Amino acid sequence: MKVLQSVLLVLALVVVGYVVSAIPGGQTLIGKVLPYLAFGVFILFFIVKVIGWSKSPVPFRIPTTAGQENSLPWIKQARFDNPSTTGGVIVRMLLEVTMFRSLFRNTKAEVYDGPYLAYGSSKYLWLFALIFHYSLLVVVLRHLRLFLNPVPDFIRTLGAADGFLQILSPGLQISGLTLLLGVTLLLLRRLIRPQVRYISLVNDYFPLLLIMAIATSGILMRYVVRTDIINVKQLIVGLTTFHPVIPGQIGSIFFVHLFLVCCLMVYFPFSKLMHMGGVFLSPTRNMANTNRMVHHDNPWNDPALKPHSYDSYEDEFRELMKEAEIPVEKE
Amino acid sequence: MADPKAEQLGVGVAKDPSLMTGAIPRAGWMDTPVIFKPGNYCYPGKPEIVEYLNKALPGKFGQPRVWSPEDEDWKLPENWKEIILEGLRERLDKFRSLKIFMDCCVRCGACADKCHFFLGTGDPKNMPVLRAELLRSVYRREFTKAGKIMGKMVGARDLTIDVLKEWFMYFYQCTECRRCSVFCPYGIDTAEVTIMMREVLHLVGININWILEPAANSNRTGNHMGLQPHTFKENIEYLVDDIEEITGVRVNPPSTARGPRSCSSPPRPMSLPSPASTPPWAISSSSTISGSITPGPPMPRKAATSGSSPTTS
């Protein structure tokens, strides 16, 4: 049901993109105006969100302890899973952001008759997520060749590496296919695993399907419904140099592709896709666990709250204490 | 109603249809109301206990009263919804963690089968992701634009009395072990969520005695049992006798020393005003599970006077 809603939503966006690009002035709208708007919304609200997060303090130093904490010298510390130094935290964050360390840890639990509970390794999610995110990264970087003139060397190299198979014409770029593969695997996992399916919302299916549609339209554009790449580059360089133009004939599929990308940019800062920023700011991961070494005072403590003092304890129980021959401070 | 026996429960866990055994419930979780029946909830805080705590932390524990989760009417203040939302807003502003946990979850399900409450019951709402989603759905409605405009489509729902009851049920089914946080790619920590939410529930007088009474006892007597000084001393003396009987050694407990610092380790609860220094008989009983994370006052330490502290000198 929720998948269906999401599919319909994405299809509707495709149709809107297609129809708008076909009506007079529509190409100007999608090619000249919308990219600025979408990019502006993306940047602005991304920053607003991150500032919103940073405005709230972090009163407690309670990082997730995913291994042995720093202790006595003969007890081996899990230096990166439970770091006690800034260096350790940096390694932890790098492992998390570039390798998805936590997902690599994933297990699955199953109950059998008895009953007994069995745990097994489960690295599918880790693998699928890696395929998807790295493909997306390569695809985005690869697109920079359309934005920059002359094209920087590292992007040429990346493109060459991506197309090293040297099959098809124009040359097959692997990242496009692996992106589609990754997004499909994530979607299938979401649909097949009962637990994940039960918790999934439209907010979960929609971005996957939208990225799927973007990747598909991109692949179609490159290999099947060709567009004039010179004109595309002229349009995009026009955008980046703030002299937007609509040069000659570019197929509708390009405008559909561009429109979907704009939708993704607008959707991004208001959705769970903000995990891209949140992963860096998550207090349980970016703090060193120094609780046993340093006394952390909470500067946000409410000074109005007064503790229950020893004196009031003694006041309440003085007679009983005396009777039991417990020494007291005041007679 | 007969209580199920351990063997039955064991078979049920492995055989009955549940998310643990691969069956997907027909109704969505938002359409599944929570049912309170004897044995599946903790008793609410006793009025006198709530009253005591209200004296220590004014305005944090709601109206002391007799009520039961099984009742239709929980005798909440009329403006409970306002109080809850205000409490939520305050905590969102106070804790970056809560804000990020509300915004960043991608519902990947890595935490789903990591919670022992879920492993033991197969109840979908015991998956950490869904436990947090109980709150996140309301957060979307009240604190995000998308939720305000698109509602249920984006997983947002109104804060109703049934939602509140659901919160009471599931935010207390958490031992704050933080295992879910270990597996979460963003370190989303259900412990922090449930602790804060218990605190928010406290504001309208929804609480459990199993936590509040030990917390009140710890504050007043320095031990969760509420043992008064003379009883505590007696207990120590029994233990000393036992030790002598078994080992032949007569231990000299520090209870004969004078002053507040005669036991070495002071209790440091997270929020309840702690005794300024440890009462002589206090054995630390952590009240971190008392569902209180709001910064409490720092504990002033009394310098140990000479001779007062045989165990820490």
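What you see as residue numbers is a count from 1 along each chain, following the sequence as written. Note on labels: chains are lettered from A, ligands numbered from 1, in written order. For a predicted model such as this one, the threshold for reporting local features is a pLDDT of at least 70, and the threshold for listing and counting side-chain atom pairs is 80 or more; totals across whole chains, interfaces and linings nevertheless cover every residue.

**Student:** Looking at this model, I keep getting lost on the overall build of chain B. Mind explaining?
**Tutor:** By definition, any uninterrupted DSSP run of H or I lasting at least four residues is a helix, any uninterrupted run of E lasting at least two residues is a strand, and each is numbered from the N terminus. For chain B, the helix and strand inventory stands at 12 helices and 0 strands. Ordering the α and β elements of chain B from the N terminus gives α-α-α-α-α-α-α-α-α-α-α-α. C-beta atoms are first placed from the backbone for all residues, and any pair lying within 7 Å is then listed as a contact. Within chain B, contacts between residues separated by at least 24 positions form 63% of all contacts whose residues are at least 6 apart in sequence.

**Student:** What exactly am I supposed to notice about the overall build of chain A here?
**Tutor:** If you tally the helices and strands in chain A, you get 13 helices and 2 strands. Rg of the C-alpha trace for chain A: 28 Å, well past the compact-globule value of 20 Å for 331 residues, more than 25% over. Dimensions of chain A, computed from C-alpha atoms along their principal axes, come out at roughly 100 × 50 × 45 Å. Buried residues in chain A amount to 30% of all 331 residues. This radius of gyration counts C-alpha atoms alone. The globule rule is 2.2 Å times how many residues there are, raised to the power 0.38. Neighbour density around each residue's C-beta defines its exposure: 20 or more other C-beta atoms within 10 Å make it buried, 12 or fewer make it exposed, and counts between make it partly exposed, where C-beta atoms are placed from the backbone.

**Student:** Help me out: how do you make sense of the domain arrangement of chain A in this one?
**Tutor:** For an interface, size is often stated in terms of accessible area lost upon the parts coming together. Note that the domain bounds reflect an automated or database-derived domain assignment. The domain boundaries assigned to chain A delineate domain 1 (2–300) and domain 2 (301–331). Taking the mean C-alpha position of each, domain 1 of chain A and domain 2 of chain A sit 59 Å from one another.

**Student:** Hey, could you run me through helix 13 (residues 310–323) of chain A in this one?
**Tutor:** Side chains that are three or four residues apart share a direction in an α-helix, a result of its 3.6 residues per turn. Residue and element names in this part refer to chain A. Compared with an ideal rise of 1.5 Å per residue, which puts 14 residues at 20 Å, helix 13 spans 18 Å between its outermost C-alpha atoms and is within 8% of the ideal. Consider a residue and the seven residues that end there alongside the seven that start there; fitting an axis to each set, the bend is the angle between those axes. F317 marks the point of greatest bend in helix 13, at about 70°. Restricting attention to buried positions, one finds in helix 13 the residues Y310, Y313, F317 and M321. In a helix, the anticipated span is given by 1.5 Å times the number of residues less one.

**Student:** What exactly am I supposed to notice about the pairing of strand 2 (residues 116–121) of chain A here?
**Tutor:** For a regular strand, side-chain orientation follows a simple rule: the groups alternate between the two sheet faces. Residue and element names in this part refer to chain A. The buried fraction of strand 2 is low, at 0 of 6 residues. With 6 bridges connecting them, strand 1 (residues 107–112) and strand 2 associate as antiparallel partners. In the strand pairing of strand 2, Y112 is matched with Y116. A strand pair is defined by DSSP finding two or more bridges across the two strands. Here strand 1 folds back onto strand 2 in antiparallel fashion, the turn holding 3 residues, of which G114 has a positive phi close to 140°.

**Student:** Got a minute to help me understand the packing of helix 1 (residues 2–22) of chain A against helix 9 (residues 202–223) of chain A in this structure?
**Tutor:** For any two helices packed against each other, one specifies the inter-axial angle together with the distance between the axes. Residue and element names in this part refer to chain A. Packing of helix 1 against helix 9 brings their axes to within 8 Å, and their N-to-C directions diverge by 40°. Overall, the two elements helix 1 and helix 9 adopt an arrangement that is oblique. Crossing angle aside, the handedness with which helix 1 passes helix 9 is right-handed. Each of K2, V3, Q5, S6, V7, L9, V10 and V14 in helix 1 lies in contact with helix 9, whose residues at this interface are V202, Y205, F206, L209, L210 and A213. Residues are grouped as follows: Ala, Val, Leu, Ile, Met, Phe, Trp, Tyr, Cys and Pro are nonpolar; Asp, Glu, Lys and Arg are charged; every other residue, Gly included, is polar. Residues of the contact of helix 1 with helix 9, tallied by class, amount to 11 nonpolar, 2 polar and 1 charged. In this analysis an axis means a line fitted to C-alpha atoms, helices contributing only their contacting stretch, and an angle means the value between N-to-C directions, from 0 to 180 degrees. Any angle that falls under 35 degrees is termed roughly parallel, while one over 145 is termed roughly antiparallel, one within 65 to 115 roughly perpendicular, and all others oblique. The crossing is said to be left-handed when, going from far helix to near helix, the turn is anticlockwise and less than a right angle, and right-handed when the turn is clockwise.

**Student:** Looking at this model, I keep getting lost on the interface of chain A and chain B. Mind explaining?
**Tutor:** Contacts between the two partners involve 65 residues from chain A, matched on the other side by 73 residues from chain B. Residue assignment for the side of chain A that touches chain B shows that the elements contributing at least two residues are helix 2 (26–55), helix 4 (101–104), strand 1, helix 8 (194–199), helix 9, helix 12 (275–281) and helix 13 of chain A. Here the residues of the side of chain A that touches chain B sort into 35 nonpolar, 17 polar and 13 charged.

**Student:** So what exactly am I meant to see when it comes to the environment of G12(B) here?
**Tutor:** Here G12(B) shows up in helix 1 (residues 6–15). C-beta crowding within 10 Å serves as the criterion here: with 15 such atoms nearby, G12(B) is assigned to the partly exposed category.

**Student:** Any chance you could explain the nonpolar core here in plain terms?
**Tutor:** Nonpolar side chains in soluble globular proteins tend to end up buried together. When buried Ala, Val, Leu, Ile, Met, Phe, Trp, Tyr and Cys residues are joined through C-beta atoms within 7 Å, the set is termed a nonpolar core. The biggest cluster of nonpolar side chains holds 104 residues, and the ones touching the most others in it are V183(A), L210(A), F259(A), L260(A), F101(B) and W167(B). Per-element tally for this core: the top contributor is helix 9 of chain A, with 11 residues. Leaving out residues up to four positions away in the same chain, V183(A) has contacts with F132(A), L208(A), I211(A), M212(A) and A215(A). Membership of the second largest hydrophobic core comes to 9 residues, among which are Y52(B), L53(B), I211(B) and A215(B).

**Student:** Could you clarify how one ought to interpret the confidence of the model for chain B in this entry?
**Tutor:** Residues and elements named next belong to chain B. Confidence scores labelled pLDDT are given residue by residue by the predictor and lie between 0 and 100. When pLDDT is averaged along chain B, the result is 82; 80% of the residues meet or exceed 70. Counting contacts from residues 262–313, a segment whose pLDDT is below 50, to residues more than four positions away or on other chains yields 147 contacts. Across the assembled chains, the prediction reports ipTM 0.92 with pTM 0.87.

**Student:** Is there a simple way to think about the environment of G277(A) in this case?
**Tutor:** Residues and elements named next belong to chain A. Considering the arrangement of structural elements, one finds G277 in helix 12. A tally of 18 C-beta atoms within 10 Å means that G277 is categorised as partly exposed. Between the C-alpha atoms of G277 and K49, which are 228 residues apart in sequence, the distance is 9.0 Å. Excluding anything up to four places from it in sequence, G277 contacts F46, K49 and V50.

**Student:** How do you make sense of the environment of L125(A) when you look at a structure like this?
**Tutor:** Structurally, L125(A) can be placed in helix 5 (residues 124–147). Residues L125(A) and F100(A), spaced 25 residues apart in sequence, show a C-alpha to C-alpha distance of 10.0 Å. Setting aside residues no more than four positions away along its own chain, L125(A) makes contact with L103(A), N106(A), R189(A), C108(B) and A110(B).

**Student:** How should I be thinking about the packing of helix 3 (residues 80–94) of chain B against helix 10 (residues 190–203) of chain B in this particular structure?
**Tutor:** All names here are of chain B. It is at 9 Å that the axes of helix 3 and helix 10 come closest, and there the two elements cross at 145°. Judged by the sense of rotation from one axis to the other, the crossing of helix 3 with helix 10 is right-handed. The residues of helix 10 that touch helix 3, namely those facing I83, I84, G87, L88 and R91, are M196, V200 and L203. Of the residues in the contact of helix 3 with helix 10, the class split is 6 nonpolar, 1 polar and 1 charged.

**Student:** How do you make sense of unusual backbone geometry when you look at a structure like this?
**Tutor:** A negative phi holds for most residues other than glycine; trans holds for most peptide bonds. Cis geometry is adopted by the peptide bond preceding P150(A), which originates at N149(A) and carries an omega value of 0°. With a phi close to 70°, R178(B) is a non-glycine residue in the positive phi region. Among the structural elements, R178(B) can be located in the loop between helix 8 (161–171) and helix 9 (179–183). According to the C-beta neighbour criterion, R178(B) is buried, with 20 such atoms within 10 Å.

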